[in-house]
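Results of the structural survey
Residue strings, one per chain:
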Amino acid sequence: QVPMVESGGGLVQAGGSLRLSCAASGRTYAMGWFRQPPGKEREHVANIAWSTGGTYYADSVKGRFPISRDNAKNTVYLQMSSLKPEDTAVYYCATRVRPGGILSSLYNYDTWGQGTQVTVSS
């Protein structure tokens, strides 16, 4: 398994911005961000293919949460802007080592970070 280290998150007012970072210590095929709102299931936010940089977003964050990666640092970023109270959740990064798979599905990821809380106040 590839250990994951997340950083970022916190409390922000609606309309504000936050950046999440997640560093992996080994080879990855793709990395993704998921979130789990209070009392709800974990859901896909965004993912990025490591070699091509191809991205895919949930409709709820498209245009607001660009995902990017730094290959040299083996780090993925989620720049969150125009935050809304409904974005409040624990955010998790995840990595997939093997090529292929539906990257919007949490079941296709091998290793997960510990999660970081994002709270958006109205």
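Before reading further, recall that the structure is shown in the block above.
Every value quoted in this text rests on a predicted model; they were computed, and no experiment measured them.

A short note on the pairing of strand E4 (residues 30–36)
Remark: a regular strand shows side chains that alternate across the two faces of the sheet. Most of E4 sits inside the fold, with six of its seven residues counted as buried. Where E4 folds back on strand E5 (residues 43–49), the antiparallel hairpin that results is connected by six residues, among which Gly39 adopts a positive phi of roughly 75 degrees. Here E4 pairs with strand E9 (residues 89–96) via seven bridges, running antiparallel. Of the residues in E9, the one forming a bridge with Gly32 is Ala94.

A short note on the state of the cysteines
Inspection of the entire model under this criterion finds one disulfide. Sulfur-sulfur distance for the disulfide between Cys22 and Cys93 comes to 1.9 Å. Between Cys22 and Cys93 the disulfide shows an S-S torsion of about 50 degrees. By sign, it is right-handed. With a gap of 71 residues between them, Cys22 in strand E3 (residues 18–24) and Cys93 in strand E9 connect regions that are remote in the sequence. Per residue, the accessibility class of Cys22 equals that of Cys93, and both read buried.

Some words on the nonpolar core
Proteins that are soluble and globular tend to have nonpolar side chains buried together. Grouped together as the largest cluster of nonpolar side chains are 26 residues, with contacts concentrated most on Trp33, Leu78, Met80 and Tyr91. For this core, the element with the most residues is E3, which contributes four residues. In contact with Tyr91, not counting residues within four places along its chain, are Glu6, Leu20, Phe34, Arg35, Val45, Phe65, Leu78, Met80, Gly115, Thr116 and Val118. Core analysis: the next-biggest nonpolar cluster, separate from the first, contains five residues, Ala30, Ala94, Leu103 and Tyr109 among them.

Notes on the sheet that holds strand E7 (residues 67–70)
The four strands lie next to each other as E1-E3-E8-E7, forming an open sheet whose pairing is antiparallel. One side of each edge strand has no neighbouring strand; the edge strands of this open sheet are strand E1 (4–7) and E7. Each strand of the sheet is rotated relative to its neighbour by a mean of 20 degrees, with strand direction disregarded. Where E1 and E3 come together, four bridges link them in antiparallel fashion. The partner of Met4 across the bridge, within E3, is Ala24.

The rules behind each value
- Position numbers for residues count from 1 along each chain, tracking the sequence in the order it is written.
- Under the rules for a predicted model, residues below a pLDDT of 70 receive no local features and side-chain atom pairs below 80 are neither given nor counted, while totals for whole chains, interfaces and linings still include all residues.
- Note: side-chain values were computed over all heavy atoms of the structure, leaving out hydrogens and water.
- Think of it in three bands: residues with accessible area under 20% of the maximum for their type are buried, residues over 50% are exposed, and the middle band is partly exposed, with areas taken using a 1.4 Å probe on protein chains only.
- Labels follow the DSSP assignment, with helices taken as runs of H or I lasting at least four residues and strands as runs of E lasting at least two, numbered in each case from the N terminus.
- DSSP calls a pair of strands paired once it identifies at least 2 bridges connecting them.
- Two cysteine sulfurs form what is called a disulfide whenever their separation falls within 2.5 Å.
- Here the nonpolar core consists of buried residues drawn from Ala, Val, Leu, Ile, Met, Phe, Trp, Tyr and Cys, with membership extended through side-chain atoms lying within 4.5 Å.
- Between two residues, a contact is recorded if the distance between any of their heavy atoms is within 4.5 Å.
- For every element, the axis is a line fit to its C-alpha atoms; helices are fit only across the contacting stretch, and the angle between N-to-C directions ranges from 0 to 180 degrees.

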